[in-house]
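Observations on the model geometry
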Amino acid sequence: MSLHALGLTEAAAGIRDGRLSSVELVGDCLKRIDEVDRDIDAWAFLDRDHAMLQAEIADDRRKQGKAIGPLHGVPVGIKDIFDTGDMPTEFGSKLWAGRTPRRDAAAVARLRAAGAVILGKTVTTEYAYFNPGKTRNPHNPDHTPGGSSSGSAAAVAALMVPGAIGSQTNGSVIRPAAFCGVVGFKPTHGLIPRSGALLLSRALDHVGVFARSVGDAALLAELLAGFDEEDPDTQPLARPPFVEVAASEPPLPPRFAFVRSPAWAHAEKVTTEAFAELVEALGEHVSEVEIGQSFDRAIDMHRTVMEVEMAHNLHRDFEQGGDSLSKVLRALIERGRKILAVDYTRALAGSATLNGALDGVFDEYDAILTPAAPGPAPRGLDSTGNPAFCSMWTYLGTPAVTLPLLQSESGLPIGVQLVGRRGNDARLLRTANWLVRKLGKRGGAAPAKTAAGRTKTRSGR
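Conventions we followed
- Residues numbered from 1 in each chain as written.
- Predicted model: local features only at pLDDT ≥ 70, side-chain atom pairs only at ≥ 80, totals over all residues.
- Heavy atoms only, no water.
- UniProt positions renumbered as here; feature names shortened; annotations may be inferred.
- Helix = DSSP H or I, 4+ residues; strand = E, 2+ residues; numbered from the N terminus.
- Pairing = 2+ DSSP bridges.
- Axes fitted to C-alpha atoms, helices over the stretch in contact; angles between N-to-C directions.
- Contact = heavy atoms within 4.5 Å.
- Parallel < 35°, antiparallel > 145°, perpendicular 65-115°, else oblique.
- Nonpolar A, V, L, I, M, F, W, Y, C, P; charged D, E, K, R; others polar.

An unreviewed UniProt entry annotates the protein as Glutamyl-tRNA amidotransferase of Bradyrhizobium valentinum. In its Sequence similarities (unreviewed entry) section, the UniProt entry covering the protein states "Belongs to the amidase family."

What follows is the structure in structure tokens.
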């Protein structure tokens, strides 16, 4: 196996045991970028000399017998909304071109503390919203990679880097991970600190991770989770043992609640057929569950909260930015400014009520099973796709993970999304690992299609 194809866990173990060096690994990843990124454009900033210098320092530290972290010498990608003290952070906006922060965001600092090499900054859409960046889908460059964490998802999928971080305020981790065919994990709201990252919506912003296996996603989450006094939504609690729990066998075979959700009207035919086959393959492990009419307005309430809080947090850029801001972003801010306070307050309060209504589902089922997106990545680069299947779970702050378990007739990945109870992140990843094993996958490429062109799981059932 080429070094650039190693996962985070494999690469870290190889460096720790002396079977490979960080210089070799980072060098091979840079070579891979030179080979494939011309057609993908996943990187907003990449300084090859600086990346190699970090790798050399990592190798010297290990040779000197100094303590090393769980990701020592392993390269990772950082979405270009997270501050990096040694690289520009430009938010995907012309208005912030050349911005150079003085220090790292909390998530970046924790990766460095774990020994990671910050390979570069990955492309984001403008202000992590809808206006697309330059990145294209690794499976077909005529299709969108999704947004807003487009560069992170594409870089991991194209084997340029074994892991990356992104963010989700609507569908910006789950959707691009699904479109690009990698594992994307959005944890419970407030689990990973957001200090030093672009603030769009305190109520909705999540830090998420991209990897090529559930185990690697668990490793990133474990290293990033925890209290940060600069993020008021984090809590001083013990860090969940993500890696250990995710790798463990569930005490009982998991049960899945297949929930169509209020977004089901957006599902494409390929998705409805794929999920019908998936439900059939899971047999007694899955039941279709109706979550009730009280959830019908969840997507609208998400939109209300997002538009008001983005209008507030981006007001200065809106006033001063002029033509530097896209029409789609200006329109969102204008809508947010017109929303009544009573409607915003009602939408903000609705999340707790709906989470309480989900308790009955999670008392009986280990995870909700639902699509990650309406279908595979749409053709064209003028849109990042519809986030409808993510909006409600972002609004509720529940943990969600997408798995590349299905494939369209054209060969594009179709993500399978699992949603868990708030705070049960490690258990959700354990359930996800069980599902991957059940369907005969390790969490990498999408499964093969049938001879007739229908989607199917790798198990062939």
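Once that is clear, we can look at unusual backbone geometry. For residues besides glycine, phi is generally negative; the peptide bonds are generally trans as well. The peptide bond linking G147 to S148 adopts the cis configuration, its omega dihedral lying at 5°. Examined against the element boundaries, S148 turns out to sit in the loop between β3 (117-122) and α5 (150-157). A positive phi is found at F91, a non-glycine position, where the angle reads about 60°. In the Ramachandran plot, L159 falls in the positive-phi region, its phi being about 65° despite a non-glycine side chain. Mapped onto the secondary structure, L159 falls in the loop between α5 and β4 (163-168).

The strand order across the open sheet built from 11 strands is β1-β3-β2-β4-β6-β5-β10-β11-β9-β7-β8, with neighbouring strands paired in mixed fashion. In the strand order of this sheet, the two ends are held by β1 (43-45) and β8 (286-288), each with one partner. Each neighbouring strand pair of the sheet contributes to a mean axis angle of 30°, computed without reference to strand direction. Of the strand pairs in this sheet, strand β10 (residues 400-407) and strand β11 (residues 413-419) are connected by 6 bridges, and their pairing is antiparallel. When the bridges of β11 are listed, L403 appears paired with V416. Sheet contacts for helix α9 (residues 269-282): β7 (256-258), β8, β9 (367-371), β10 and β11; angle to β9, the most-contacted strand, approximately 145°. Taken strand by strand, helix α15 (residues 425-438) contacts β5 (183-186), β7, β9, β10 and β11, and its axis lies near 10° from that of β10.

Where helix α10 (residues 298-313) contacts helix α12 (residues 327-338), the axes come no closer than 7 Å and their chain directions differ by 100°. As summarised for this structure, α10 and α12 are arranged roughly perpendicular, according to the angle between their axes. Along its contact with α10, which presents M306, E307, V308, M310 and A311, the element α12 presents L329, L332, I333, R335, G336 and R337. Within the contact of α10 with α12, the residues separate by chemical class into 7 nonpolar, 1 polar and 3 charged.

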